[in-house]
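# A closer look at the structure
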Amino acid sequence: MALYLEQKDIKYLGRKGALTIPSPQFRRELLKSFFLWVQPSVPILDLNVQFHAMVVDEELCGISLLLFHAVMFAASRFVDIDCIKREGYESRRAARECLYRRAKALFELDCEQDRLSHVQAILLMIYWDGPRKGERDAAHWMGSCISLAMSIGLHQDPDPNTMTPAQQRIWKRTWWSMHNHARNTCPDLLSMVSIMEADSPSMVTLDDFELQIASREVRSIFGESEVACSLEYQKTQALLFIEKTKLCQIFQLSTLTGQLSGVVYGDNGIDLETPSTLIDPDELSWWLAQRTPETTHRLPLSPYPMPLLECHKSTLQPVLKIPVKSQRSERNTF
């Protein structure tokens, strides 16, 4: 936390609960939920380093308090409801709002000096789904996240002369996590996304992940969970993230999902004629062909699901009339 905070700011953070951390048991359950459900899509932490510091080390030494509260908040969506009630919250919504307010208070006072931790925290705070009255929306958070990331050069390959290998891995995974979220959910930021993609770091690979058996202290908390004990499981999760990243570069899903939301809420219709929603079958075929066996979904042996899928396909095809491009465009990103 920043050392220049005035006494009134510290008192403000105290009133907001930002200087309070969850009980040890609740903290353990939240961290388990984070690594099981959030980390696969937003792999911005290291299991042995951050998990150990946030759970085993009662002083949270070396951990950003802003990032800590953001992790607690992101995990609260998935933790067992019994754990939430034992902590004294009436509902999951109440717990999520409390944890979100703690992170938000630290963010508003600009308490975090480490800009990378700041970016990571914003990326997790985007998932607030509570009342929006007077609140910043997801597009605002994402825009702030991208701007801050580019200001510290996160959109470029990390410098091996100034960063350790572990720092370089976190650097790249954080960038591509942000990239994927922006491509999928923020149609209002397409111009900013295009700018940041022009100078993106090299594609994330398996070498950018820490594939290792967790420490004994961490395993004692996770039990026999594969996330801590299985290198094969960790590898599969990493490969799925890599393939998702490649797919996000092929499709601009945010425009289509934004238009679908407009249909749901009665704002407007779907315009599938715009270039950003065109689907290139050659690129999709290439992506499907280059996947590894670990990332290939195995259909059920039963023949019954297939007719149902074909029924949905035949029903939707004449309605959507999705246009396709005839030629594969030149891409240098893969």
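About the thresholds
Residues numbered from 1 in each chain as written. Predicted model: local features only at pLDDT ≥ 70, side-chain atom pairs only at ≥ 80, totals over all residues. Heavy atoms only, no water. Helix = DSSP H or I, 4+ residues; strand = E, 2+ residues; numbered from the N terminus. Buried < 20%, exposed > 50% of the residue type's maximum accessible area, 1.4 Å probe, protein only. Core = buried A, V, L, I, M, F, W, Y, C linked by side-chain atoms within 4.5 Å. Contact = heavy atoms within 4.5 Å. Salt bridge = Lys/Arg side-chain N within 4 Å of Asp/Glu carboxyl O. Phe/Tyr/Trp six-rings, centres within 6.5 Å; stacked < 30°, edge-to-face > 60°. Axes fitted to C-alpha atoms, helices over the stretch in contact; angles between N-to-C directions. Left-handed = near helix turned anticlockwise from the far one by under 90°. Nonpolar A, V, L, I, M, F, W, Y, C, P; charged D, E, K, R; others polar.

## Some points on the environment of Leu284
- Along the chain, the position of Leu284 falls in helix H15 (residues 281-290).
- The partly exposed category is assigned to Leu284, whose relative accessible area is 26%.
- On a C-alpha basis, the gap between Leu284 and Leu247 in space is 8.1 Å, while along the polypeptide they are 37 residues apart.

## Observations concerning the nonpolar core
- Of all hydrophobic cores here, the largest spans 76 residues; its most connected members are Phe34, Phe35, Phe51, Val71, Leu124 and Met178.
- In terms of residues, this core owes the most to one element, helix H4 (residues 65-75), which gives 10 residues.
- If we ignore the near neighbours within four places in the chain, the residues touching Phe34 are Gln39, Pro40, Leu45, Val71, Ala74, Ala75 and Leu124.

## Here we look at the pattern of salt bridges
- Enumeration over the complete set of coordinates arrives at nine salt bridges.
- With its nearest N and O atoms 3.2 Å apart, the salt bridge here joins Glu210 to Arg169. Taken as a pair, Glu210 in the loop between helix H10 (190-197) and helix H11 (216-222) and Arg169 in helix H9 (residues 165-185) lie far apart in primary sequence, 41 residues in all.
- Assessed through its relative accessible area of 18%, Glu210 is described here as buried.
- A salt bridge links Lys246 to Glu243; its shortest N-O distance comes to 3.6 Å. In this pair, Lys246 and Glu243 are both assigned in helix H13 (residues 231-250), three residues apart and thus about one turn of the helix distant. Each member of the pair, Lys246 as well as Glu243, is classed as buried.

## Details of the packing of aromatic side chains
- Within this structure, the stated rule accounts for eight aromatic pairs.
- For the pair Phe26 and Tyr89, a centre-to-centre distance of 6.3 Å together with 45 degrees between the ring planes defines the contact as tilted. Taken together, the positions of Phe26 in helix H2 (residues 24-38) and Tyr89 in the loop between helix H5 (81-86) and helix H6 (92-108) put the pair 63 residues apart, joining distant regions of the chain.
- For Phe26, a relative accessible area of 2% puts it in the buried group.
- With a relative accessible area of 16%, Tyr89 lands in the buried category.
- Ring plane angle 55 degrees and centroid distance 5.4 Å describe the contact between Phe73 and Tyr100, whose orientation is recorded as tilted. Of this pair, Phe73 sits in helix H4 while Tyr100 sits in helix H6, and the two are 27 residues apart along the sequence.

## Focus on the packing of H6 against helix H7 (residues 115-125)
- In contact at an axis separation of 11 Å, H6 and H7 are set at 140 degrees when each is read in the N-to-C sense. In the packing of H6 onto H7, the handedness of the crossing is left-handed. Each of Tyr100, Ala103, Lys104 and Phe107 in H6 lies in contact with H7, whose residues at this interface are His118, Ile122 and Met125.
- When grouped by side-chain class, the residues that make up the contact of H6 with H7 number five nonpolar, one polar and one charged.

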